[in-house]
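Here is how the chains run, residue by residue.
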Amino acid sequence: MPLSGRLLVTGGAGFIGSTWVRQVLRNNPDVRVTVLDKLTYAGNPANLREIEDDPRYRFVKGDITDRDLVSELAGEVDTIVNFAAESHVDRSIEEPDAFIRTDVLGTHVLLEAARRAGHRRYLQISTDEVYGDVAHGASVETDPLRPRSPYSASKASGDLLVSAYFTTYGLATLITRASNNFGPHQYPEKLIPLFITNALDDEPLPLYGDGRQVRDWLYVEDHCAAISLVLERGEPGSTYNVGGGSQITNLELTEMVLSELGKPRSLIRHVEDRPGHDRRYAIDSSRVRALGWRPQRTLREALAETVGWYVEHPEWWRPLKTGEYLDYYRRQYGARLAASDAGSVVERA
Ligand code: NAD
Ligand code: TDX
């Protein structure tokens, strides 16, 4: 059954939110979408360009912590899908304030507006990072939350508020917790787009620690299909893990990226590790699979597609790697790369 109704999609100018909005408008003729986005460094109107003339879509620039604005927009829709967040772990370690504001307070403002407006559904886009480091096995939705970074703690706090609004007020909430996403339009601070764009310029690839950390990679279009399915068929009050089923070490993934691009392994630099770096994430996605969801591409296929997209769209990513990005890059990697070049970071692989 296609999705219908009036949706408020927060954070819809970001990587995953914009992919979902494009996919939803493509597949559902009777849906109307209002995107609310603050356009932080990570929000990019170019991500929504192909739908900007669609009469079913409108864009509002604003902050999810703005109660008056959110309450006005909530009155015009029947469902909120919340993608808006500060989303980068390294930035949360450097400066956590914005994470608490947007990911915790912002979630509360949205929930309160949904409750007052008597919404049909509220869907929170969350992450596998809320379960914390998982040495063995795979996290299920009922596992305790053990977040370890300011980012994952802010997302876990948001999730707890969502559950409380179901229990206390009977708001028909849903939560999805996805593993590491990748694909076109991802801001080049995250591992895959950072390494693709650096390698294209023959710049070093700063791999944290020994590079043996494990992540489960999920193609963004597959994630977005799962979000639609959960919105349509999910059981109110429930949480759904969405994992790509492609666990791999960062080092192996980096080698795949280099081989796709035909670039040498010598671009890899082992640099000082991320503080509190979670070694492994793994989630059990049986619950969303029982709704009929499956990833449609293998990691290799989706990675090849993604690399191809960055090769063909320098006009999208080159302008991003300027200004504030370069300041961030220097703060994050300058001393680490210098230490690595001076030989004081030993490859423990
Ligand atoms: P992103 O950083 O690319 O986009 C976030 C968007 O939110 C941007 O458009 C930004 O402008 C907007 N935003 C930030 N603060 C806002 C505010 N206060 N008010 C309104 N808009 C605001 O992030 P993404 O990778 O697309 O992630 C989207 C969601 O999915 C996040 O909630 C994230 O926690 C979650 N998630 C991401 C991944 C991943 O691998 N990227 C995996 C699992 C879950
Ligand atoms: O320069 C780097 N070097 C490196 O080794 C960067 C940016 C990352 N890494 C490592 C850290 C992680 O083990 O690669 C792995 C992936 O890093 P990120 O792309 O920063 O993602 P991660 O920290 O795993 O979090 C991501 O997945 C879950 C998203 O940023 C979150 O928003 C999402 O919730």
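Preceding this section is the structure that the text describes.
Cut-offs applied
- Residues numbered from 1 in each chain as written.
- Chains lettered and ligands numbered in written order.
- Predicted model: local features only at pLDDT ≥ 70, side-chain atom pairs only at ≥ 80, totals over all residues.
- Heavy atoms only, no water.
- Helix = DSSP H or I, 4+ residues; strand = E, 2+ residues; numbered from the N terminus.
- Rg over C-alpha atoms; globule rule 2.2 N^0.38 Å.
- Buried < 20%, exposed > 50% of the residue type's maximum accessible area, 1.4 Å probe, protein only.
- Contact = heavy atoms within 4.5 Å.
- Pairing = 2+ DSSP bridges.
- Axes fitted to C-alpha atoms, helices over the stretch in contact; angles between N-to-C directions.
- Expected span 1.5 Å × (residues − 1).
- Arc of directions from axis to C-beta.
- Near = heavy atom within 4 Å.
- Polar contact = N/O pair within 3.5 Å; in protein donor to acceptor, adjacent residues only side chain to side chain.
- Areas by Shrake-Rupley, 256 points an atom, 1.4 Å probe, with all protein chains shown as cover.
- Nonpolar A, V, L, I, M, F, W, Y, C, P; charged D, E, K, R; others polar.

Chemist: I would appreciate a short explanation of the overall build of the chain in the present structure.
Modeler: Per the secondary structure count, the chain includes twelve helices and twelve strands. Radius of gyration (C-alpha) of the chain: 20 Å, near the 20 Å computed for a compact globule of 349 residues. Structurally, the chain occupies a C-alpha span of about 60 × 45 × 35 Å along its principal axes. Out of the 349 residues belonging to the chain, those deemed buried represent 58%. For the chain, long-range pairs separated by at least 24 residues make up 83% of all intrachain contacts whose partners lie at least 6 apart in sequence.

Chemist: Just to check I follow, could you spell out the sheet that holds strand S7 (residues 180-182) for this structure?
Modeler: Within a sheet, neighbouring strands are paired by backbone hydrogen bonds and run either parallel or antiparallel to one another. A sheet is described by the order of its strands in space; here three strands give the open sequence S7-S9-S11, paired in mixed fashion. Each of the sheet's edge strands pairs with one partner strand only, and the pair in question is S7 and strand S11 (247-249). The average angle at which neighbouring strand axes cross in this sheet is 50 degrees, direction not considered. Inspection of the sheet shows strand S9 (residues 214-219) paired to S11 by three bridges, in the antiparallel sense. Bridge pairing links Asp216 to Gln247 in S11.

Chemist: I tried to follow the side chain of His223 on my own but got confused; where do I start?
Modeler: Mapping His223 onto the fold places it in helix H7 (residues 220-233). Ignoring sequence-local partners within four residues, the contact set of His223 consists of Ile16, Ile125, Ala178, Asn181, Leu218 and Val242.

Chemist: For this particular structure, what's the right way to read helix H10 (residues 299-312)?
Modeler: Spacing of three or four residues puts side chains on the same side of an α-helix, whose turn is 3.6 residues. Its 14 residues place the ends of H10 20 Å apart at the C-alpha level, agreeing with the 20 Å of an ideal helix rising 1.5 Å per residue. Every buried residue of H10 is accounted for by Leu299, Ala302, Leu303, Thr306, Val307, Trp309 and Tyr310. The buried residues of H10 occupy an angular sector of 155 degrees when projected down its axis, which confines them to one face. In H10, the exposed residues that point more than 90 degrees away from the buried face are Arg300 and Glu312.

Chemist: Explain the site of ligand 1 here, please?
Modeler: Around ligand 1 there are 28 residues in total, and Ile16, Asp37, Ser87, Tyr151 and Lys155 lie nearest to it. Asp37 is positioned such that a nitrogen or oxygen atom in its side chain is 2.6 Å from an oxygen atom of ligand 1. A distance of 2.6 Å separates an oxygen atom of ligand 1 from a polar atom in the side chain of Tyr151. When isolated, ligand 1 has an accessible area of 840 Å², and the protein chains bury 97% of it. At three residues, strand S5 (residues 121-127) tops the list of elements feeding residues into the shell around ligand 1. Looking at the shell around ligand 1, its residues break down into twelve nonpolar, twelve polar and four charged.

Chemist: Can you walk me through the sheet that holds strand S4 (residues 79-82) in this structure?
Modeler: A sheet is described by the order of its strands in space; here seven strands give the open sequence S3-S2-S1-S4-S5-S6-S10, paired in parallel fashion. Strands at the two margins of the open sheet, each flanked by one partner only, are strand S3 (57-61) and strand S10 (238-242). Across this sheet, the average inter-strand angle for adjacent strands is 20 degrees, counted without regard to direction. In this sheet, S4 lies alongside strand S1 (residues 5-10) in parallel orientation, the contact comprising four bridges.

Chemist: It is not clear to me how the site of ligand 2 should be interpreted in this structure. Could you clarify?
Modeler: Lining the immediate environment of ligand 2, one finds 21 residues, of which Glu129, Tyr151, Arg274, His277 and Tyr333 sit closest. Residue Tyr208 places a main-chain N or O atom 2.8 Å away from an oxygen atom belonging to ligand 2. Measuring from an oxygen atom of ligand 2, one finds a side-chain N or O atom of Arg274 at 2.6 Å. When the free accessible area of ligand 2 is taken as 640 Å², the share hidden by the protein chains comes to 95%. Those elements that place two or more of their residues in the shell around ligand 2 are helix H3 (89-94), helix H6 (191-200) and strand S8 (205-208).

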